Amino acid sequence: MTKNAFWNDDWMSTQRQYWEQWNNMQQQALGVKQPPANPWEQSMEHWWSAVQGAMPAAKQDFFSKMMDQGKNYFQMAEQAMQAANGQENVSEAWAKMLSGLTESFHQKPANDPFKQATAFWEMPLDNWNRMASAMSPLPGDTLRGMPHGDVKEHLDRILGTPGLGYTRETQTQYQRLMQAAMEYQEAMAEYSLFFSSMGEKSVKLLQKKIGDTPVESARQLYDTWIGCCEELYAEDVISENYSKLHGRLVNALMELKSRWGEIMNESLSTMNIPTRDDLRTLQIRMQEQRRENKKLVSEVAALRHEIRKMQAESKPVSKKPATKTVKKATRKKAAPRTRKATAART
Amino acid sequence: MINFQIRPDKLAEEMADYSRKLGHGIENLIDAGEIDTGVTARTAVYKEDKLVLYRYDRPKGSKASNETPLLIVYALVNRPYMTDIQEDRSTIRGLLEAGQDVYLVDWGYPDSSDYALTMDDYINGYIDRCVDHICEQHGLDSINVLGICQGGTFSLCYSSMHPDKVRNLVTMVTPVDFQTPDNLLSSWVQHIDIDLLVDTIGNIPGELLNWTFLSLKPFSLTGQKYINMVDVLDDPKKVKNFLRMEKWIFDSPDQAGETFRQFIKDFYQQNALIAGEVEIGEHVVDLGNITCPVLNIYAQQDHLVPPDASTALGGLVGSDDYTELAFPGGHIGIYVSGRAQKEVTPAIGEWLNKR
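This write-up is about the structure you can find in this document. All values reported here derive from a predicted model rather than from experimental measurement.

**Things to note about helix α6 (residues 194–201) of chain B**
With six of eight residues buried, α6 of chain B lies mostly within the body of the structure. Those residues of α6 of chain B that fall on the buried side of the exposure criterion are Ile194, Leu196, Leu197, Val198, Thr200 and Ile201 of chain B. Its buried side turned inward, α6 of chain B meets α10 (240–270) and α11 (276–314) of chain A together with α7 (206–214) and α10 (257–269) of chain B. Where α6 of chain B begins, the capping side chain belongs to Asp193 of chain B, and its oxygen is found 3.3 Å from the backbone nitrogen of Asp195 of chain B. Looking at the residues trailing α6 of chain B, positive phi occurs at Gly202 of chain B, about 70°.

**Describing the state of the cysteines**
All names here are of chain B. Applying the stated criterion across every chain yields a total of zero disulfides over all chains. For the unlinked cysteine Cys130, the closest cysteine sulfur is that of Cys135, found at 11 Å. In this structure Cys130 comes out as buried when scored by relative accessible area, which is 0%. Just so you know, Cys157 is unpaired, no disulfide at all, and the nearest cysteine sulfur is the one on Cys149, 13 Å from it. Residue classification places Cys157 among the buried residues on the basis of a relative accessible area of 0%.

**Overview of the sheet that holds strand β2 (residues 51–56) of chain B**
Residue and element names in this part refer to chain B. Judged by pairing direction, the sheet is mixed, and its eight strands sit side by side in the order β1-β2-β6-β3-β7-β8-β11-β12 without closing on themselves. Edge strands, defined here as strands with exactly one partner in the open sheet, are β1 (42–48) and β12 (322–327). Between one strand axis and the next, the sheet turns by 20° as a mean value, whatever way the strands run. Both strand β3 (residues 70–73) and strand β7 (residues 143–148) contribute to a ladder of four bridges, which runs parallel. When the bridges of β7 are listed, Ile72 appears paired with Leu146.

**Re the pairing of β2 of chain B**
With five of six residues buried, β2 of chain B is to be regarded as a mostly interior element. A loop of two residues connects β1 of chain B with β2 of chain B, the two strands running antiparallel in sequence, and Asp49 of chain B in this loop sits at a positive phi of about 50°.

**Side note on the packing of helix α9 (residues 218–237) of chain A against helix α8 (residues 218–232) of chain B**
Taken N-terminus to C-terminus, the directions of α9 of chain A and α8 of chain B make an angle of 160°; their axes are 9 Å apart at the nearest point. Relative to α8 of chain B, α9 of chain A is oriented roughly antiparallel. Here α9 of chain A runs over α8 of chain B; the crossing is left-handed. Here Arg219, Tyr222, Asp223, Ile226, Cys229, Glu230 and Tyr233 of chain A of α9 of chain A lie close against α8 of chain B, whose contacting residues are Pro218, Phe219, Ser220, Gly223, Gln224, Ile227, Asn228 and Asp231 of chain B.

**Here's the deal with the nonpolar core**
Counting residues in hydrophobic clusters, the biggest one holds 152 residues, and the most contacted among them are Leu71, Ile123, Met172 and Ile348 of chain B. If one sorts the elements of this core by residue count, helix α8 (residues 168–212) of chain A sits on top with 14 residues. Contacts of Met172 of chain B, omitting those with residues within four sequence positions, involve Leu146, Gly147, Ile148, Cys149, Ile297, Ile334, Tyr335, Val344 and Ile348 of chain B.

The rules we used
Residues numbered from 1 in each chain as written. Chains lettered and ligands numbered in written order. Predicted model: local features only at pLDDT ≥ 70, side-chain atom pairs only at ≥ 80, totals over all residues. Heavy atoms only, no water. Buried < 20%, exposed > 50% of the residue type's maximum accessible area, 1.4 Å probe, protein only. Helix = DSSP H or I, 4+ residues; strand = E, 2+ residues; numbered from the N terminus. Contact = heavy atoms within 4.5 Å. Polar contact = N/O pair within 3.5 Å; in protein donor to acceptor, adjacent residues only side chain to side chain. Disulfide = S-S within 2.5 Å. Pairing = 2+ DSSP bridges. Axes fitted to C-alpha atoms, helices over the stretch in contact; angles between N-to-C directions. Parallel < 35°, antiparallel > 145°, perpendicular 65-115°, else oblique. Left-handed = near helix turned anticlockwise from the far one by under 90°. Core = buried A, V, L, I, M, F, W, Y, C linked by side-chain atoms within 4.5 Å.

Right, dumping it as structure tokens:
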């Protein structure tokens, strides 16, 4: 791979196209034509898809994060400029754009022009989904689209029906699994709602902050936006309400995993394969034995030490100067060292 | 009225600049190669299970001015190479230069066979045997101990249960009162069913811990940080330093299930350490048992262990020689910032050398 391969050709070419798009945008101010929705992002995507194959796998994740944030960085400025395009009063257009953004937190239609800016507020959720996926046999977002509301109530009733007949236990297990899945989905929905309401407040705070200070660069806008988000986030997530939502989400995921594990254990048992519960019992027993062994080894060492000490004390005192061995045994602090002696004090 | 003054040509210039830095930077990123961590030469002097006790080599020709060795007890969370992350940012190196004979406990990466390790195993088992080993090697009854974060809490418990083996105790960014009003981590775990969590997944995966720590400041830590990174991408040295820190952040060992269960339930949910109600093995942990000199160092902008969570120690230890040192920085900056190299490690060395 050559050094130029990554940026001189492909990417800068798409960047040139981007500047042309900007020219188009200016022309559009004269009523000539409509520019694409997010030209910079499109060119960035194009470049990234071309070069990522050549990047070592270990570095891809890191660079992807920078790419993702780069998109966020310019998104608001780009949308603001588009909103302002053709307007005589840029500030008024900007205010209008922020109103649109606030509205986006209430409803997200497919063609919402502010969809990506509001998605910025899904970062905490996205982090959760990645983590949940890593811990689950199912992709993290599998349960996000499950039915809720009235449908859930109806399903709850059905799933609450006692099992019957020979497969009663199995039926009950699957019913519990479904109930746990629905609880997780509901907890996830509640958690998402919390963030969407926080996002709305962050737009208002941003409006307030940039009302006082002139915004002169995309970076200043981005940093102010981050500052607003962190400020509100810090205020809201320390609340008892959030603590409960957070607890509910983690507990719901664990309940779901636990139910799933129950079914897995059942299946493994029927195949005479050791289950996780079996392994857990062995782990605990093994550690108990190791603990006992280590304690015994320590006690034997302490006893040997005492015996050596007693033997040394019973020998006649030598007139020779102290040997190196004796010097090494000298203690700087006279304090009992045996575990028994320590335990008696505490 | 909103004062929006971004001109299209200025915005275009910003974008070009960002694109240029990103394009150039990718070369430095690829050329960064392997990310090395832990820069000071050391020797493994004791091993047990996954634990390795290291003794750090002194610079050639120099001798430790303090004859009492110093054992660093790091947290189970994340890896201890944070204390020795790069040549010019190393707490270990600073301590060696301050005349200390430095040992460090590396806990390794617990796996499912370590699930049943308890706090008793870690503190009255592993730590105690490390201390015994060092005492034996140096012909001493007691040594100096420096505990970091959760390792500081473990060191407090150890010092309370084995007061005769700790000559001086230094705690750094150590939680003691786990329920101060500004403690986000504490707030978040209050409604989690820890028994269900541990019974279900056994060891606690590093991913769960990463998510928790990133969630403390999600927009800065998963967003803005990477934008800021683009500004330094053209400097290979800075890229490497950044990647080194990035490696450390995501290098989270799993947590032994039973230890995690007790730590979260007793310390975070019950706040039992300050109440003197923590039971570890056959002992009840009473901080009043700690009568040796104590140096408690905390970071004023710590978002993981708020200052009040650390300074609570002052009213609880039985020592007549208790000193606090406030560092104007954060939980990580206290090890890696330039200021920490100049202020924190020399202060620890001076304090220990006087005792």
